[in-house]
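As a plain string of letters, each chain reads:
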Amino acid sequence: MDTDIQPALGEVAREARERLGLTQTQVANKVGLVPGVYGRIERGDMMPSVPTLHRICRVLGISSDALLGLDPSRVAAKVDEAPPEEKLPPELRRVLHQLRAWPVKRLKVLSRVLTLIAAESED
């Protein structure tokens, strides 16, 4: 277990709770935890289970990414979403950068060419 996550998670949870003007006991009750257990999570002494993490996110009104300290630009928001560009090979990132400036008509032509090349390589 990455022990750096626990203190960071606890700090974010505490900040979110304080922003809402709630006590640890109030959050613990809403999440379904004993107040002492929730206090351990905020102090970074304990990592919550996934279902508990989900309930904490809902009660505090923050995303799991924020609670876990994940940078949204480094992870895909959905399973079927393309990975963030920084995970792509540099050559592909350069091509994507160029293609973003192309008009739709030119992209359609390129798509047809790529389809033909892919079909030819399957033969």
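For the structure, check the block above.
Residues numbered from 1 in each chain as written. Predicted model: local features only at pLDDT ≥ 70, side-chain atom pairs only at ≥ 80, totals over all residues. Heavy atoms only, no water.

Caption draft 1: Spatial organisation of the side chain of Arg17. For Arg17, the position within the fold is in helix α1 (residues 5–20). Looking at Arg17, its side chain comes within polar contact range of the main-chain oxygen of Leu22, at 2.9 Å. Residues in contact with Arg17, not counting those within four places in the same chain, are Leu22, Thr23, Gln24, Val27, Tyr38, Glu42 and Leu60. (Helix = DSSP H or I, 4+ residues; strand = E, 2+ residues; numbered from the N terminus. Polar contact = N/O pair within 3.5 Å; in protein donor to acceptor, adjacent residues only side chain to side chain. Contact = heavy atoms within 4.5 Å.)

Caption draft 2: View of helix α2 (residues 24–31). Taken as a whole, α2 has its buried residues at Val27, Ala28 and Val31. Viewed end-on, α2 has its buried residues packed into an arc of 100 degrees, placing them on one side of the element. Turned more than 90 degrees off the buried face of α2, the exposed positions are Asn29 and Lys30. Of the surrounding elements, those touching the buried residues of α2 are α1, α3 (35–43) and α4 (50–60). Of the residues flanking the end of α2, it is Gly32, one or two places downstream, whose phi is positive at about 95 degrees. (Buried < 20%, exposed > 50% of the residue type's maximum accessible area, 1.4 Å probe, protein only. Arc of directions from axis to C-beta.)

Caption draft 3: Structural context of the side chain of Glu42. One can find Glu42 in helix α3. Only 2.9 Å separates the side chain of Glu42 from the side chain of Gln24, close enough to count as a polar contact. Discounting chain neighbours no more than four positions away, the residues touching Glu42 are Gly10, Glu11, Ala13, Arg14, Arg17 and Gln24.

Caption draft 4: Spatial organisation of the pattern of salt bridges. Evaluation of the coordinates by the stated rule reveals 3 salt bridges. Arg14 serves as the salt-bridge partner of Glu18, at 3.1 Å between the closest nitrogen and oxygen. Of this pair, Glu18 and Arg14 both sit in helix α1, separated by 4 residues, roughly a single helical turn. The exposure class assigned to Arg14 is partly exposed, which follows from its relative accessible area of 29%. A salt bridge links Arg43 to Asp45; its shortest N-O distance comes to 3.4 Å. What makes Arg43 exposed here is its relative accessible area of 53%. (Salt bridge = Lys/Arg side-chain N within 4 Å of Asp/Glu carboxyl O.)

Caption draft 5: Quick peek at the packing of α1 against α4. For the pair α1 and α4, the least separation of the axes is 10 Å and the interaxial angle reads 30 degrees. Classified by the angle between their axes, α1 and α4 sit roughly parallel to one another. Considering how the two elements wind past one another, α1 and α4 form a crossing that is left-handed. Counted together, Leu9, Ala13, Ala16, Arg17, Arg19 and Leu20 of α1 and Leu53, Val59 and Leu60 of α4 form the full contact between these two elements. Looking at the contact of α1 with α4 residue by residue, the class counts come to 7 nonpolar, no polar and 2 charged. (Axes fitted to C-alpha atoms, helices over the stretch in contact; angles between N-to-C directions. Parallel < 35°, antiparallel > 145°, perpendicular 65-115°, else oblique. Left-handed = near helix turned anticlockwise from the far one by under 90°. Nonpolar A, V, L, I, M, F, W, Y, C, P; charged D, E, K, R; others polar.)

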